[in-house]
Amino acid sequence: MGKDFALGDFRLGEGVDSWNTITFLYKSALKEVQTKVEILNDEFQQVHQYNPIEYIKARLKAPESIVKKLRRRGYESSIDNMINYVNDMAGIRIVCSFTSDIYKLAEMIGRQNDLTVISVKDYIKHPKDSGYKSYHMLVTVPIFLSDRTIDTKVEIQIRTMAMDFWASLEHKIYYKFEGNAPEYISRDLRECSGIVSMLDAKMLQLNEAIVEAGAAQEEDKSAV
Ligand code: 0O2
């Protein structure tokens, strides 16, 4: 096997061929990470008899979204800038039932030998001013080609269903008003984000109570 490269080591030039090479690599990276996460979920089911993951979504960032992000940051649209400055070209979103599952999964992902964690942003412990909550990990995964290996970036977002519901709605509103939503809407969204935290805490508590009550019933049964 040839040398190990990072995607940023190449100067690909502009054009359809470069774009196709890049999207092929990011798509391969998405497949690799999605499979890893699914295996972790299956292993969890095997050992603990429950799945921490409700669903997983994988996506390549849309070209118009790449252009907007580069423009927002003052970069011109080019393939090199996209590789170097857009970290979420390949994105995996993992949606869990409970906040505790998020941290369990993040730990399991961080322990995968062939993934390199580049950065972590915990917007659950430190929500954004908008009220956005999610756990983000930027990782690289090696893509083994016939003659070389290329480390490719994937952004993993892990959140609860309630956080995902909030983020989807806020995202729609953000785009509808192009970042200038009326103040009362932004305020209501921040308030809803607080309600999401309360709901997540309550559901976690309830789940723990259900598990405890189930275990107590089992003990009673075996004592009879
Ligand atoms: P879109 O349209 O969803 O693709 P970085 O270069 O990684 O340091 P970046 O990319 O801003 O900086 O990192 P961050 O904060 O991890 O955000 C990446 C993605 O998280 C965003 O991509 C959104 O998908 C999501 N996100 C971050 N903040 C918010 C928020 O306030 N509300 C919602 N709904 N989603 C958010 P994009 O490219 O900004 O947007």
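Here we summarise the structure given alongside this text. (Residues numbered from 1 in each chain as written. Predicted model: local features only at pLDDT ≥ 70, side-chain atom pairs only at ≥ 80, totals over all residues. Heavy atoms only, no water.)

1. Structural notes on the overall build of the protein
And step 1. Across its full length, the protein holds six helices and six strands.
And step 2. Going from the N terminus to the C terminus, the protein shows its helices and strands as β-α-β-α-α-β-α-β-β-β-α-α.
And step 3. Expressed as lengths along the three principal axes of its C-alpha atoms, the size of the protein is roughly 75 × 55 × 20 Å.
And step 4. With 224 residues in all, the protein has 39% of them scored as buried.
And step 5. When contacts within the protein are restricted to residue pairs at least 6 apart in sequence, long-range pairs at least 24 apart make up 67% of them.
And step 6. When the accessible surface of the protein is split by element, carbon and sulfur atoms take 54% of a total near 13400 Å².
And step 7. Treating the 29 positive side-chain charges of the protein as one cloud and the 33 negative ones as another, the clouds have centres 6 Å apart. (Helix = DSSP H or I, 4+ residues; strand = E, 2+ residues; numbered from the N terminus. Buried < 20%, exposed > 50% of the residue type's maximum accessible area, 1.4 Å probe, protein only. Contact = heavy atoms within 4.5 Å. Areas by Shrake-Rupley, 256 points an atom, 1.4 Å probe, with all protein chains shown as cover. Lys, Arg positive; Asp, Glu negative; His and termini not counted. Charge placed at Lys NZ, Arg CZ, Asp CG, Glu CD.)

2. A short note on the pairing of strand β6 (residues 149–160)
And step 1. Judged by how many residues are buried, β6 sits mostly within the fold: ten of twelve residues are covered.
And step 2. One ladder, built from three bridges, connects strand β1 (residues 4–6) with β6; its direction is parallel. Counterpart to F5 in the pairing with β6 is I150.
And step 3. Bridge count for strand β3 (residues 90–96) against β6 is six bridges, and the pairing is parallel. Bridge pairing links V95 to R159 in β6.
And step 4. Pairing analysis gives ten bridges linking strand β5 (residues 135–144) to β6, with the strands arranged antiparallel. By the bridge assignment for β6, P142 is matched with D151.
And step 5. Where β5 folds back on β6, the antiparallel hairpin that results is connected by four residues. (Pairing = 2+ DSSP bridges.)

None of this, on its own, says anything about what the molecule does.
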